[in-house]
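Secondary and tertiary structure notes
Chain residues, written in single-letter form:
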Amino acid sequence: MEFTERQKKIIEMLKANSPMTGEKIGESLGLSVPTIRADLRLLTAVEILAARPKVGYIYQGKPANRLNYNELYDLPIEDILLPATKISEDTSMQAAITKLFIEDVGSLYVVDDDSELVGLISRKDLLRATFTSDDPKAVPAGVVMTRMPNIVMVTPQTTILEAGRLLLTHEVDSLPVVDKPGSRSVIGKITKNRIFQHFIENGQADS
């Protein structure tokens, strides 16, 4: 498996001095913990590092060359998509909150009469709106949603690496997946947790 230069630095650092907390690793690299979190997750998933609660990260050096780089990064996301939870633009804010929590999702995708994406509502959007509205039943989803074109979309052919990069760059928990470039027809979603799950599943399959 091919590691990035930053991941190699983390490995060498932990080889020389274990355990180290995420904060200490970030400080040594001159980076924030959120910036290196994906690296630490990957190195833990492939068992190069072990994470110990209240202790930090420990180098354990199990060989990771059994893992296929392409299976981790270069596969298209079409193989790991999750279903998208959709609502209409006139759905009330209260109904949107109920749907979000019943289905245990982080975002709702707002579609028009042609089932094309017009907006997105996150948990943060709904929480913010509850503080400014006296009657959630009277406020439609269209009022509180993030509208197109301010939504980053991907297609089934987007690689896992690129999807992960977009999630981190835009600081969102999920991205809507449309059927093809230029389309607004949502066929699923990709999330940070789903990508992390993909890494774990591949690590277990090769162990």
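Residues numbered from 1 in each chain as written. Predicted model: local features only at pLDDT ≥ 70, side-chain atom pairs only at ≥ 80, totals over all residues. Heavy atoms only, no water.

This paragraph deals with the packing of helix H1 (residues 5-16) against helix H2 (residues 22-29). Two numbers describe a pair of packed helices, the interaxial angle and the distance between the axes. Remark: H1 packs on H2, axes separated minimally by 11 Å, with the N-to-C direction vectors making an angle of 115°. The handedness of the crossing between H1 and H2 is right-handed. Counted together, Arg6, Lys9, Ile10, Met13 and Leu14 of H1 and Ile25, Ser28 and Leu29 of H2 form the full contact between these two elements. In terms of residue class, the contact of H1 with H2 is made up of five nonpolar, one polar and two charged. (Axes fitted to C-alpha atoms, helices over the stretch in contact; angles between N-to-C directions. Helix = DSSP H or I, 4+ residues; strand = E, 2+ residues; numbered from the N terminus. Left-handed = near helix turned anticlockwise from the far one by under 90°. Contact = heavy atoms within 4.5 Å. Nonpolar A, V, L, I, M, F, W, Y, C, P; charged D, E, K, R; others polar.)

Here is the key point about a regular strand: its side chains alternate between the two faces of the sheet. Relative to strand S2 (residues 56-59), strand S1 (residues 49-52) runs antiparallel, the two being bridged by four bridges. The partner of arginine 52 across the bridge, within S2, is glycine 56. Hairpin connection between S1 and S2: a loop of three residues separates the two successive antiparallel strands, and lysine 54 in this loop has a positive phi of roughly 65°. (Pairing = 2+ DSSP bridges.)

Let us now look at the layout of surface pockets. Size it by volume and the largest pocket reaches roughly 760 Å³. Taken together, 26 residues make up the lining of the largest pocket; nearest its centre are Ala38, Asp39, Gly164, Arg165 and Leu168. Those elements giving two or more residues to the lining of the largest pocket turn out to be H1, helix H3 (33-45), helix H4 (69-74), helix H8 (160-170) and helix H9 (192-205). In terms of residue count, the dominant contributor to the lining of the largest pocket is H3 (seven residues). Taken together, the residues of the lining of the largest pocket break down into 13 nonpolar, five polar and eight charged. Of the volumes computed, that of the second largest pocket is approximately 440 Å³. Lining the second largest pocket are 20 residues, and of these Leu120, Ser122, Glu171, Val172 and Asp173 sit closest to its centre. (1 Å grid on protein atoms, 1.4 Å probe; cavity = no way out; pocket = protein on both sides within 12 Å on 5 of 7 lines; lining within 4 Å. Points joined across faces, edges and corners; volume = space filled by probe spheres on them.)

The next point concerns the packing of aromatic side chains. Across all of its chains, the model carries one aromatic pair by this definition. Taking the centre distance of 5.8 Å and the plane angle of 65° together, the rings of tyrosine 73 and phenylalanine 199 count as edge-to-face. Placement of the pair is tyrosine 73 in helix H4 and phenylalanine 199 in helix H9, with a sequence separation of 126 residues. The ring of phenylalanine 196 has arginine 41 lying over it, and the distance from NZ or CZ to the ring centre is 5.1 Å. (Phe/Tyr/Trp six-rings, centres within 6.5 Å; stacked < 30°, edge-to-face > 60°. Lys NZ or Arg CZ within 6 Å of the ring centre and 35° of its normal.)

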